[in-house]
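# Coordinates in review
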Amino acid sequence: MTETLIRNARAVLTMDDRGTEHADCDILLRDGVIAAVGQGLQSDGEVVEAASCVVTPGLVNTHHHLYQTLTRAVPAGQDALLFGWLRTLYPIWARFGPEEMRISALTGLAELALSGCTLTSDHLYLFPNGARLDDTIDAAREIGLRFHATRGAMSIGESDGGLPPDSLVESESAILDDCIRVIDAFHDPSDGAMIRVGVAPCSPFSVSRELMRDAALLARDKGVMLHTHLAENDEDIAYSLAKFGCRPGQYAEDLGWTGADVWHAHCVKLDGQEIDLFARSGTGVAHCPCSNCRLGSGIAPVRAMRDAGVKVGIGVDGSASNDGSGLMAEARMAMLLQRVQSGADAMSAREALRIATRGGAEVLGRTDCGQVVPGMRADLALWNTDQVESAGSWDKTALLLAGPTKVQHLFVEGRQVVRDGLLTSINFEQTIARQTTLAARLSLIP
Ligand SMILES: [Zn+2]
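Residues numbered from 1 in each chain as written. Predicted model: local features only at pLDDT ≥ 70, side-chain atom pairs only at ≥ 80, totals over all residues. Heavy atoms only, no water.

### Some thoughts on the overall build of the chain
When helices and strands are tallied, the chain shows 13 helices and 17 strands. Here the C-alpha atoms of the chain give a radius of gyration of 21 Å, agreeing with the 22 Å that 2.2 N^0.38 yields for 446 residues. Split into buried and exposed, the 446 residues of the chain put 61% on the buried side. Put simply, of all contacts in the chain between residues at least 6 apart along the chain, 75% involve residues at least 24 apart. Accessible surface for the chain amounts to roughly 16100 Å². Of this, 51% is attributable to carbon and sulfur atoms. Here the chain holds 39 positive side-chain charges and 57 negative ones, and the gap between their average locations is 1 Å. (Helix = DSSP H or I, 4+ residues; strand = E, 2+ residues; numbered from the N terminus. Rg over C-alpha atoms; globule rule 2.2 N^0.38 Å. Buried < 20%, exposed > 50% of the residue type's maximum accessible area, 1.4 Å probe, protein only. Contact = heavy atoms within 4.5 Å. Areas by Shrake-Rupley, 256 points an atom, 1.4 Å probe, with all protein chains shown as cover. Lys, Arg positive; Asp, Glu negative; His and termini not counted. Charge placed at Lys NZ, Arg CZ, Asp CG, Glu CD.)

### A look at the pairing of strand S1 (residues 3–13)
Most of S1 is tucked away: eight of the eleven residues are buried. Where S1 and strand S4 (residues 46–49) come together, four bridges link them in parallel fashion. Within the sheet, the bridge partner assigned to Thr4 lies in S4 and is Glu46. Of the strand pairs in this sheet, S1 and strand S5 (residues 53–57) are connected by two bridges, and their pairing is parallel. Residue pairing across strands places Ala11 opposite Val54, the latter belonging to S5. (Pairing = 2+ DSSP bridges.)

### Considerations on the packing of aromatic side chains
With the rule as written, the count across this model stands at eight aromatic pairs. With centroids separated by 5.1 Å and ring planes inclined at 80°, the aromatic side chains of Tyr67 and Trp93 adopt a geometry described as edge-to-face. Taken together, the residues span a long stretch of sequence, with Tyr67 in the loop between strand S6 (59–61) and helix H1 (82–93) and Trp93 in helix H1 at a distance of 26 residues. A residue is classified by how much of its surface remains accessible, and Tyr67, at 1% relative accessible area, is buried. For the pair Tyr67 and Phe96, a centre-to-centre distance of 5.9 Å together with 85° between the ring planes defines the contact as edge-to-face. Here Phe96 lies in the loop between H1 and helix H2 (98–114) and Tyr67 lies in the loop between S6 and H1, a separation of 29 residues in the sequence. (Phe/Tyr/Trp six-rings, centres within 6.5 Å; stacked < 30°, edge-to-face > 60°.)

### Some remarks on the nonpolar core
By size, the foremost hydrophobic cluster in this structure holds 117 residues, and its most contacted members are Trp85, Trp93, Leu109, Leu145, Trp257, Leu410 and Leu423. Element by element, the count of residues in this core is highest for H2, at nine residues. Among residues more than four places away in sequence, those in contact with Leu109 are Leu66, Thr120, Ala139, Ala140, Ile143, Leu145 and Phe147. Among the nonpolar cores identified, the runner-up in size contains 17 residues, and Ile6, Val12, Ile27 and Leu29 belong to it. (Core = buried A, V, L, I, M, F, W, Y, C linked by side-chain atoms within 4.5 Å.)

### Quick word on the environment of Pro301
Here Pro301 shows up in the loop between helix H9 (289–294) and helix H10 (302–308). On a C-alpha basis, the gap between Pro301 and Ala238 in space is 19 Å, while along the polypeptide they are 63 residues apart. Residues contacting Pro301, with those up to four places away along its chain left out, are Cys267, Val268, Leu270, Ile275, Gln338 and Gln341.

### Looking at the coordination of the zinc ion
Around the zinc ion, the donor atoms from the protein are His63 (NE2), His65 (NE2), His229 (NE2) and Asp317 (OD), and they sit 2.1 to 2.4 Å away. All donors to the zinc ion come from one chain, and their sequence spacing reads H-x1-H-x163-H-x87-D. Across this residue pair, the class does not change: His63 and His65 are buried. (Donors = N, O, S within 2.8 Å, 3.2 Å for Na, K, Ca; no water.)

### Some details on unusual backbone geometry
Looking along the chain, the bond that leaves Asn322 and enters Asp323 is cis, with omega of 5°. As for its position among the elements, Asp323 is in the loop between strand S13 (311–314) and helix H11 (327–342). The phi torsion at Ala73 lies on the positive side, around 55°, for a residue other than glycine. Positionally, Ala73 belongs in the loop between S6 and H1. Judged by its relative accessible area of 39%, Ala73 is partly exposed. Of note, the phi angle at Asp317 is positive, near 65°, even though the residue is not glycine. Among the secondary structure elements, Asp317 is positioned in the loop between S13 and H11.

### As for the pattern of salt bridges
Inspection of the entire model under this criterion finds 32 salt bridges. With its nearest N and O atoms 2.9 Å apart, the salt bridge here joins Glu170 to Arg151. Remark: Arg151 occurs in strand S8 (residues 146–153) and Glu170 occurs in the loop between S8 and helix H4 (172–186); sequence separation between them is 19 residues. One salt bridge connects Arg181 with Asp178, and the closest N-O pair in it is separated by 2.6 Å. Placement of both Arg181 and Asp178 in helix H4 is noted, with a separation of three residues, approximately one turn of the helix. Connected via shared salt-bridge partners are Arg132, Asp134, Arg151, Glu170, Asp178 and Arg181. (Salt bridge = Lys/Arg side-chain N within 4 Å of Asp/Glu carboxyl O.)

### Remarks on helix H12 (residues 349–363)
Helix length check: H12, at 15 residues, gives a terminal C-alpha distance of 20 Å against a target of 21 Å (1.5 Å per residue), a fit within 8%. Burial runs high along H12: twelve of the 15 residues are buried. For H12, the complete set of buried residues consists of Ala349, Glu351, Ala352, Leu353, Ile355, Ala356, Thr357, Arg358, Gly359, Gly360, Ala361 and Val363. Positive backbone phi, approximately 75°, marks Gly365, located one or two places after H12. (Expected span 1.5 Å × (residues − 1).)

So this is what it looks like as structure tokens:
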């Protein structure tokens, strides 16, 4: 039996159904699960003093392309719109191999962990030079984060009228075969799973209608989730109308891409009917506010989605379009953008934090994560509110108004992944050095 007692936390934001918040509270973690929450708890295990900390559930990241941490701030892509940005980066990504995938994932996961994330999904949709989904799963196991890897894909290259170069696309039969391989090898459907696998063609404009349909059939057969990009910007809508003769929501519905086992990234341009469709069908949304700002895509109608009952989580998106993986800052941006669109009362700091924790867990189909409640998995973020960011705050629990963006401590499945602001599981300096070397090598190739 392994126990950790988190003692005397300044506050615990449980994110339970009633939004309960406790002051001066202990939390007992036992064998990966939250065993008790209350005052005066006792344990013979390790004790973490938390009088300076506000405790939240670990944050959940619902959309990322971890491999892109190797191509942040590439000069030619810095000011481009989505499609131009992709055309700049595809040839660089075509030079990646297994080590680039593993190290870039490790770097992105490190940044996520330090910003309070305990569970992240990843969307990897290109596999050049022997790279495999396995490379990113290795990185997640090394750092100790809960990981939902999605096996992405592109099958329509330039010669078929698609956007990516032919060297980055795969045959549709090879894509489906490899989806089956990685699901069988890694997917764990049980409570407390550290690794799950999803099926995730890159977007409706980079694979065929048949692959979208077959991917949905495969995912349902295997009992795994489906993920893709949808309705990201105006170009995306125009493409859908011209190519498919319908809006993205209709396209998704026709091909089996709605339901409680589906979540779509961005959805900036969903209209009222599509919002109703998502609410009715239980389809989830990964809202990526920084990426939407960075690429000038627009402001996703998150207020309208939430009011209609759509499940929404936060995603940092790939680090080439954000350009960071700081999840707490992303949650704050989600709050600010809704206020830009609809006024200062459009989204509270507490609601945005709820979206970033429990909301994300619901989008990813995790009923065992996202709340600080006995019986839930022991995934916790401890935020030190005695530091400069919170000094003078009248409400130390309003973390997204005046709070730290990096954690003091982070627990995943009861194991401490961050202690006193430092990662416990990897050699951080060595990882950054290797990442820097790989980025330099990529930039030297013409
Ligand atoms: Zn994305």
